[in-house]
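Here is what each chain is made of, one letter per residue.
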Amino acid sequence: MLKKIKNLLFRKISKAVVDILLVAGLVITMISGWTAEDSWWTFHCIASMIWYLLMIIHIWQHWGMTKAVFKWKVLKKNKITFLTVISFILITLSIILFIVNINEQFVHFHHVVASVLEKIVIIHMIITVRKFMALFRQNPKLRPLRLTKN
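Below or above, wherever it landed, is the structure these notes cover. (Residues numbered from 1 in each chain as written. Predicted model: local features only at pLDDT ≥ 70, side-chain atom pairs only at ≥ 80, totals over all residues. Heavy atoms only, no water.)

### Some details on the overall build of the protein
Reasoning step 1: Regarding its fold elements, the protein presents seven helices and zero strands.
Reasoning step 2: N-terminal to C-terminal, the α/β element order of the protein is α-α-α-α-α-α-α.
Reasoning step 3: Taken across its 150 residues, the protein has 29% of its residues classed as buried.
Reasoning step 4: For the protein, the exposed area adds up to about 11500 Å²; of that, 71% sits on carbon and sulfur atoms. (Helix = DSSP H or I, 4+ residues; strand = E, 2+ residues; numbered from the N terminus. Buried < 20%, exposed > 50% of the residue type's maximum accessible area, 1.4 Å probe, protein only. Areas by Shrake-Rupley, 256 points an atom, 1.4 Å probe, with all protein chains shown as cover.)

### A few points about the packing of aromatic side chains
Reasoning step 1: A full pass over the atoms with the stated rule returns three aromatic pairs.
Reasoning step 2: Centre to centre, the rings of Phe 10 and Trp 60 are 5.5 Å apart; their planes meet at 80°, and the pair counts as edge-to-face. Of the two residues, Phe 10 is situated in the loop between α1 (2-9) and α2 (12-32) and Trp 60 in helix α3 (residues 43-61); the sequence distance between them amounts to 50 residues.
Reasoning step 3: A residue is classified by how much of its surface remains accessible, and Phe 10, at 31% relative accessible area, is partly exposed. (Phe/Tyr/Trp six-rings, centres within 6.5 Å; stacked < 30°, edge-to-face > 60°.)

### Considerations on the environment of Thr 128
Reasoning step 1: Mapped onto the secondary structure, Thr 128 falls in helix α7 (residues 104-138).
Reasoning step 2: The class of Thr 128 is partly exposed, set by a relative accessible area of 40%.
Reasoning step 3: Put simply, Thr 128 and Thr 81 are 47 residues apart on the chain and 9.4 Å apart in space, counted from C-alpha to C-alpha.
Reasoning step 4: A polar side-chain atom of Thr 128 sits 2.7 Å from the main-chain carbonyl oxygen of His 124. (Polar contact = N/O pair within 3.5 Å; in protein donor to acceptor, adjacent residues only side chain to side chain.)

### As for the nonpolar core
Reasoning step 1: Ranked by size, the top nonpolar core spans 15 residues in total, and within it Val 18, Leu 22, Trp 51, Met 55, Phe 88, Ile 91 and Leu 117 carry the most contacts.
Reasoning step 2: For this core, the secondary-structure elements that each account for two or more residues are α2, α3, α6 (79-100) and α7.
Reasoning step 3: The leading source of residues in this core is α3, at five residues. (Core = buried A, V, L, I, M, F, W, Y, C linked by side-chain atoms within 4.5 Å.)

Given below as structure tokens:
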């Protein structure tokens with residue numbers, strides 16, 4: 001069963017779907033944030049939990065890169081990816097703090113970390129899309145077909 005799930009999640013189309021859902025989820029969690037309620041059942045919390053689960057899947061899909069990012073050679077070339085991983089670890093810590101107790105200090109910590117995470121993730125997405133688009137420029141076989149006049 002685990003092997004079937006792993007095979008499904010590591011397909012290119014699955015990675016693309018997860019990435020698209022992550023972008024949509026980021027927008028939804030940003031728009032729905034900063035509610036006054038301290039309930040796990042707010043729209044923001046539910047959307048954020050789904051986004052967090054998608055992030056775990058995304059990290060799993062890119063586990064080789066995630067592990068490599070902590071090696072000095074890779075770290076020097078992938079600072080934004082490293083910052084993304086660190087900020088994700090901090091957001092995880094803020095969620096753990098919420099599980100222990102929800103108070104103003106933990107909420108403030110969460111908002112600060114979430115604000116930084118949002119910005120870093122947006123930069124990470126831009127850089128990743130740029131690298132992806134560069135693949136099409138470098139390899140003519142990957143370029144989309146163009147209709148030309150004869």
